Amino acid sequence: MLAPAHPPTLPFHFFPKSSSPAASAAVRTRVVTVPHHVTRTAPRSVELPYGHQQSQATASTSAPPPRLHTKRKSPQADAPRRTKRARSSDLSDATPPPSTPRTRESSIVSTASSSRSSTCNRSTPPTSEPPSRGSTSRSSSVHPATDEPIPRECHIDEDVVPDDAFLSSEDVVRGIMKSYVQYFKNPDDPHDRSFEPHPTNYPVGELEFPNSGATERYILLAPKDKDHYSPILDLERSLYTIVEYYLTPEQRSLFGPLPSDLLLAEDEPTPATNHLRTLRRAVHRCDGPLFLRTLDTINALLRRLKYPPLPDDAFAPPAPNALRVAVAGWANTGLPRAVALRIVEETYQRTVGPRTHELKHYQAFSDSVYGELMPPLVSRLVALSGVRPGSLLLDLGSGVGNVVLQAALQSGCTAFGVELMEKPAEMAHVQRTQMLIRARMWGLRMGEVELERANMLESARVNELMGRADVVLVNNKVFGEKLNEAIRPKFLDLKEGALVISLEPFAAPGGRVTERNVDDLGAILDVAAHDYHSMDVSWGSGAGKFYVHRVDRAGYADVRARFEAARSTRSRR
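Residues numbered from 1 in each chain as written. Predicted model: local features only at pLDDT ≥ 70, side-chain atom pairs only at ≥ 80, totals over all residues. Heavy atoms only, no water.

A. Spatial organisation of the packing of helix α3 (residues 231-246) against helix α8 (residues 337-351). The interhelical angle for the contact between α3 and α8, taken along N-to-C directions, is 160°, at an axis separation of 10 Å. Here α8 runs roughly antiparallel to α3, going by the angle between their axes. Considering the relative orientation of α3 and α8, their crossing is left-handed. Of the residues in α8, those in contact with Asp 234, Arg 237, Ser 238, Thr 241, Tyr 245 and Tyr 246 of α3 are Ala 338, Val 339, Arg 342, Glu 346, Gln 349 and Arg 350. (Axes fitted to C-alpha atoms, helices over the stretch in contact; angles between N-to-C directions. Helix = DSSP H or I, 4+ residues; strand = E, 2+ residues; numbered from the N terminus. Parallel < 35°, antiparallel > 145°, perpendicular 65-115°, else oblique. Left-handed = near helix turned anticlockwise from the far one by under 90°. Contact = heavy atoms within 4.5 Å.)

B. Region of the structure containing the pairing of strand β8 (residues 392-396). Judged by how many residues are buried, β8 sits mostly within the fold: five of five residues are covered. Relative to strand β11 (residues 471-474), β8 runs parallel, the two sharing four bridges. Its bridge partner lying in β11, Asp 395 is registered against Leu 473. (Buried < 20%, exposed > 50% of the residue type's maximum accessible area, 1.4 Å probe, protein only. Pairing = 2+ DSSP bridges.)

C. Layout of helix α6 (residues 288-306). In a regular helix each residue adds 1.5 Å, so 19 residues correspond to 27 Å; α6 covers 26 Å between its end C-alpha atoms and thus fits that length. By the burial criterion, the buried members of α6 are Gly 288, Pro 289, Leu 290, Phe 291, Thr 294, Leu 295, Ile 298, Asn 299, Leu 301, Leu 302, Leu 305 and Lys 306. Where α6 is buried, its residues contact β5 (204-208), α3, α4 (249-252), α5 (275-285) and α7 (322-328). (Expected span 1.5 Å × (residues − 1).)

D. Expanded view of the pairing of strand β12 (residues 499-502). Burial along β12 is two-sided: Leu 499 and Ile 501 and Val 500 and Ser 502, pointing in opposite directions, are all buried. The pairing of β11 with β12 spans four bridges and is parallel. Looking at the pairing, Val 472 lines up with Val 500 of β12. Regarding topology, helix α13 (residues 481-487) serves as the crossover connection from β11 to the parallel β12, and that connection is right-handed. The pairing of β12 with strand β14 (residues 544-551) spans four bridges and is antiparallel. Paired with Leu 499 across the bridge in β14 is Arg 550. (Right-handed = clockwise from strand over helix to strand, strands pointing away.)

E. Main features of the nonpolar core. Residues Tyr 246, Leu 373 and Leu 444 are the most contacted members of the largest nonpolar core, which totals 88 residues. If we skip the residues at most four places from it in the chain, Tyr 246 touches Pro 210, Thr 241, Gln 251, Ala 322, Leu 323, Ala 326, Val 327, Trp 330, Val 339, Trp 442 and Leu 444. Counting 27 residues, the second-largest nonpolar core is a separate cluster that includes Leu 396, Val 418, Ala 469 and Val 472. (Core = buried A, V, L, I, M, F, W, Y, C linked by side-chain atoms within 4.5 Å.)

F. Local environment of the packing of aromatic side chains. By the definition in use, this model includes seven aromatic pairs. With a centroid separation of 5.4 Å and 85° between ring planes, the pair formed by Phe 209 and Trp 442 is classed as edge-to-face. One end of the pair, Phe 209, is in the loop between β5 and β6 (215-219); the other, Trp 442, is in the loop between α11 (422-441) and β10 (448-453), with 233 residues separating them in the sequence. Feature note: the residues Tyr 183, Phe 184, Phe 195 and Phe 291 constitute an aromatic cluster, connected by ring pairs. (Phe/Tyr/Trp six-rings, centres within 6.5 Å; stacked < 30°, edge-to-face > 60°.)

The values are spatial; any link to function lies outside them.
See the structure below:
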């Protein structure tokens, strides 16, 4: 009978490093939300505003089109394509694209497990065959991915108060009025010039948002460039999202059914109560007076729900805002993904969209090449990682802040982003401010978001937070080998079960631990490759892969113990 093997000697990277807290010039924010996903159907091309052409599966009123997210962009991508990809469907020339049928999104998340299979266990006698780590997850810091939103409290009870920092659709278009043209006309008065562009006397419509005191004004013009932001389409999308997700079936009947993606026949009768269909018809006919009258009627109905009449009994409590009541009901079901994506899209269109040309100022073929992950892929990563309230997500190279903001909004997690380049870092702060305001307009609470402009390798705040992180995201698609190698030691601080998600692997996916690589830092990482789909990233239209690394020191210790036992056996022969 063999003598028991001596306890294995573990290399330095088996144990988490201690990180010393240090102060850093970081800015904090509040942001929160829950993941949800869209069922993919045969995509069709649509035109979107602000530099980014995307595929839209069922671009429904409930699912905003994919949009740019901040990350490093591939040097192979040509500059024109980078700046011309639009973020959401837009009005083109005379007639805008019709709304598509509404679909309740069911998120399908890839849950491919690690390719490492268990070939031996503790009771198996030592052999010369290299041991392999078991596939069993040992995560102690993240929850398993789920296709359903995470139940949580996401409503707020405070009304919206005017904020001078609020950047509205009207503010954005007014600043670039020369790039917009007339869209609506008055079919009964060909001499009516009220729908023409004008520096101050421009056509404008207003929309009631769910929270009390929340409204937004939209300049009713069309962009000269069909890839740029369309305020009319943006208004429609937000309205349809409110009607679909914030209203009960009985309340929705006051507005009429959501429009389909089919054009209305000219002789098709319009039901007296089908205000949404009438609004859509006004858009297709470019009928300005009809659009404004119908929008006024819709807003009046929304105000009745937001500000119900006072009860006859002076001592009775006033009826609550019905739209805010809907948000409180999501505590058991989770925040609808479409609502989160609508807020993400609104924020991006007003903050980053008009300034995408400023993001092209980087050195080609360098580690600072800029690119973004699209919201559908970010939603999938949020669900796959299992972050939720109480989780901490770090984004190393956070760009304009898309990932940290969307993750905090969807899941309620705390998020931290660090970015070196000046322009993206500055835009990230603007996005954070505007998303906080918009979340309140929609009656939502967000998780905390902290942003820092710094070198990720030198940031004291990164070192301080790494040991607490549940998920670390690194868009290292164009990082050089030197930078990737410099990042790897930071993962030594990660706790057991923490995830590292990247566009290029930091360790071989499904690789086996052998005597030659057992002391490598990557041996503590269990890596699985996942596919991302066409239009999930900003730097190309093709599919690709991303990698999920799980810190598995327990599995590594088991593998190393078997190696030590095998060595001991050979030495006794």
